[in-house]
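Structural characterization, general
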Amino acid sequence: TARLVNSQRLQRRGFFVRDEGKQTNESMSAATNSAATPPTASRPLKLASTSQSLPHGHLDYVLDVSFDYYGRRFATASGDRTVRVWDLNPDGSWTSGSLGSGGSGGGGGGNNTNEWQAHRGPVHAVSWAHPEFGQLLATAGADHAVVIWEEREGGFKSLATPERSADGFLDTNAGAANASAGGAGGEGGASSSSSSRWANKATLSDARRAVTSVEFAPRHLGLRLASGSADGVVRIYEALDTMNLNHWKLEAELECDADGGEGGRGTGISMRGANAAENLSSNENLGVTSLSWSAGRFEPATLVVGLSSGRVSIYRYNDSRRSWQEAIRLPGHATSNGIPRGVTDVAWAPNVGRSYHLIATCGKDNQLKVHRVKRGRGGKGSDAASAEGGGGPQPALSYEGTEVLDQGQAWRCRWNITGTVLASSGDGGMVKLWKSDFQGRWKCVSEIVGDAAGVATATALTRQ
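**Here we look at the confidence of the model for the chain**
As a general rule, the predicted coordinates of low-pLDDT regions are not to be interpreted in detail. Summarising the model, the chain shows a mean pLDDT of 73, and 62% of its residues fall at 70 or more. Summarising per-element confidence for the chain, the mean pLDDT is lowest in helix 3 (residues 188-192) (33) and highest in strand 12 (residues 211-216) (96). Between residues 98-110, whose pLDDT stays under 50, and residues either more than four places distant or in other chains, the model counts 23 contacts. In this model residues 379-391 is a low-confidence stretch, pLDDT under 50, and it forms ten contacts with partners more than four residues away in sequence or in other chains.

Have a look at this one:
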């Protein structure tokens, strides 16, 4: 279950991937779904798993990992400006192009069509689109851009996949020379070595600072994505034509003030002043640090946003007003001596038949929390507003409570496909699995540890 990989703290030499019961139908799956009933003192969560140690091949830290819809592919984003796509083989092993022949150094030889330079700076985040729209990736980089990538059959010449220079980094000059040569002449062998199956379809460069997070919307919302940046703004884009991915519309900008202000509440689409971003500290105030979409099919588009100030807010699209509004402000992650600690990750649980939503957050205050938000119908004001707009009552959200699961360090959290098991990871090299019992109390049911050699061990816990 180490499909949940701790960003910014992975060892340079590699990481391990763990399959829980060979589950392959959910990205970043946290645990097996075979346990339909809550574990008790006599029934711990059973793990049937295999582990594989992978030399990730990057020359810098891996900052993000994302699985595709079926769990048979995943992409890694690194501080060395590159993205690498891995595929699951029939024998259960994971490979990426020619990484096996290139060793752990990542130079890899010249046939790796699954690695390419995605940005001009560190790649902070990567996300897969639903396979209904094809094999699409969105990457967020420190160069203030979100880039949309599409996989094509066979390789093609691209400046995004130049050869590696002597120091191991991708040489953009060599890539440009090979692209201009067109593969003709005596350098044909060299130019073919810099081919990629991933084409740059669009570059969205509206952010004024580094883009820190990106995520495609659920399938029923169409081909949309949300990106969060260090200027404190969440931008929502929509593809104008799913058959032509070169054109994307900036649908909305949600101002989420990193200083804890009221930006975005009731204002819908807004713009930040140019001087606001300049006053932010690059070390402490990183604006939007994480975001996650709600997968509810019968509700308006909704997402949760975590900020470097420690604030956690839920934003929902209002059909009658045709704008995004802040619906609920959840308990955030505390400050220490006036210094913002910040949110490190947020995750909205998939909803399978529940009358409420579960949202997990973790922060630098060393707390892992699960928030419970009730689903319901809108009040009289919402009903009237919706009736004027020609629609039914606007579904409402109401905050019910928060439970602190862990007081240890947590950097990442993810749910399984049914939203019943939560996985969290931190600096200790351990992934913890959390599950709610029949009384609604959350307990740690398993701990998975990867040692320095990349071998993972799982321990099923029994707690009263």
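That covers the picture; the talk isn't over yet.
**Focus: the packing of aromatic side chains**
In total, this model carries eleven aromatic pairs according to the counting rule given. Taking the centre distance of 5.0 Å and the plane angle of 85° together, the rings of Tyr69 and Tyr70 count as edge-to-face. One aromatic cluster is present, built from ring pairs that chain together Phe67, Phe74, Trp86 and Trp94. Looking at Arg372, its charged tip hangs above the ring of Tyr356, at a distance of 3.6 Å from the centre.

**Focus on the nonpolar core**
In terms of nonpolar packing, the biggest core is built from 20 residues, with Ile148, Phe216, Leu223, Leu225 and Trp248 touching the most fellow members. Discounting chain neighbours no more than four positions away, the residues touching Leu225 are Ala138, Val146, Ile148, Val214, Glu215, Phe216, Ala217, Arg235, Ile236, Tyr237, Trp248 and Trp293. Ranked by size, the runner-up nonpolar core spans 17 residues in total, among them Ala217, Val288, Trp293 and Leu303.

**A look at the sheet that holds strand 23 (residues 396-406)**
Spatially, four strands are ordered 20-21-22-23 in an open sheet, and the strand pairing comes out antiparallel. Two strands lie at the open edges of the sheet, namely strand 20 (343-348) and strand 23, each paired on one side alone. Here the average twist between neighbouring strands, direction ignored, is 20°. Of the strand pairs in this sheet, strand 20 and strand 21 (residues 356-363) are connected by five bridges, and their pairing is antiparallel. Following the sheet pairing, Trp348 is matched in strand 21 by Ile359.

**Thoughts on the environment of Asn366**
Here Asn366 shows up in the loop between strand 21 and strand 22 (367-376). Accessibility expressed as a relative area gives 29% for Asn366, which makes it partly exposed. With 41 residues separating them along the chain, Asn366 and Gln407 place their C-alpha atoms 5.3 Å apart. Excluding residues within four positions of it along the chain, Asn366 makes contact with Asp406, Gln407, Gly408 and Gln409.

**Considering the sheet that holds strand 16 (residues 288-293)**
Spatially, four strands are ordered 16-17-18-19 in an open sheet, and the strand pairing comes out antiparallel. Of all strands in the sheet, those with a lone pairing partner are strand 16 and strand 19 (323-330), marking the two edges. If you compare each strand with its neighbour and ignore which way they point, the axes differ by 25° on average.

**A look at the side chain of Arg73**
Among the secondary structure elements, Arg73 is positioned in strand 4 (residues 73-78). Judged by its relative accessible area of 11%, Arg73 falls in the buried class. A distance of 3.1 Å separates polar atoms of two side chains, one belonging to Arg73 and the other to Gln135.

**What about the pairing of strand 4?**
Side-chain direction in a regular strand flips from residue to residue, so the side chains alternate between the two faces of the sheet. The buried fraction of strand 4 is high, at six of six residues. Across five bridges, the pairing between strand 3 (residues 62-67) and strand 4 is antiparallel. Residue pairing in the sheet places Ser66 in a bridge with Ala75 of strand 4. The antiparallel pairing of strand 3 with strand 4 creates a hairpin that spans five residues between the two strands, and Gly71 there sits at a positive phi of about 75°. Bridge count between strand 4 and strand 5 (residues 82-88): five bridges; the pairing is antiparallel. Counted as the bridge partner of Thr76 is Arg84 from strand 5. Between strand 4 and the antiparallel strand that follows it, strand 5, lie three residues; Arg81 among them carries a positive phi value of about 80°.

**Section: unusual backbone geometry**
We note that His144 has phi near 70°; this positive angle belongs to a residue other than glycine. Here His144 lies in the loop between strand 9 (136-141) and strand 10 (146-157). Here Arg322, not a glycine, exhibits a phi torsion of approximately 55°, which is positive. Inspection of the secondary structure assignment puts Arg322 in the loop between strand 18 (312-318) and strand 19. For Arg322, a relative accessible area of 67% translates into the label exposed.

About the thresholds
Residues numbered from 1 in each chain as written. Predicted model: local features only at pLDDT ≥ 70, side-chain atom pairs only at ≥ 80, totals over all residues. Heavy atoms only, no water. pLDDT = per-residue confidence, 0-100. Helix = DSSP H or I, 4+ residues; strand = E, 2+ residues; numbered from the N terminus. Contact = heavy atoms within 4.5 Å. Phe/Tyr/Trp six-rings, centres within 6.5 Å; stacked < 30°, edge-to-face > 60°. Lys NZ or Arg CZ within 6 Å of the ring centre and 35° of its normal. Core = buried A, V, L, I, M, F, W, Y, C linked by side-chain atoms within 4.5 Å. Buried < 20%, exposed > 50% of the residue type's maximum accessible area, 1.4 Å probe, protein only. Pairing = 2+ DSSP bridges. Axes fitted to C-alpha atoms, helices over the stretch in contact; angles between N-to-C directions. Polar contact = N/O pair within 3.5 Å; in protein donor to acceptor, adjacent residues only side chain to side chain.

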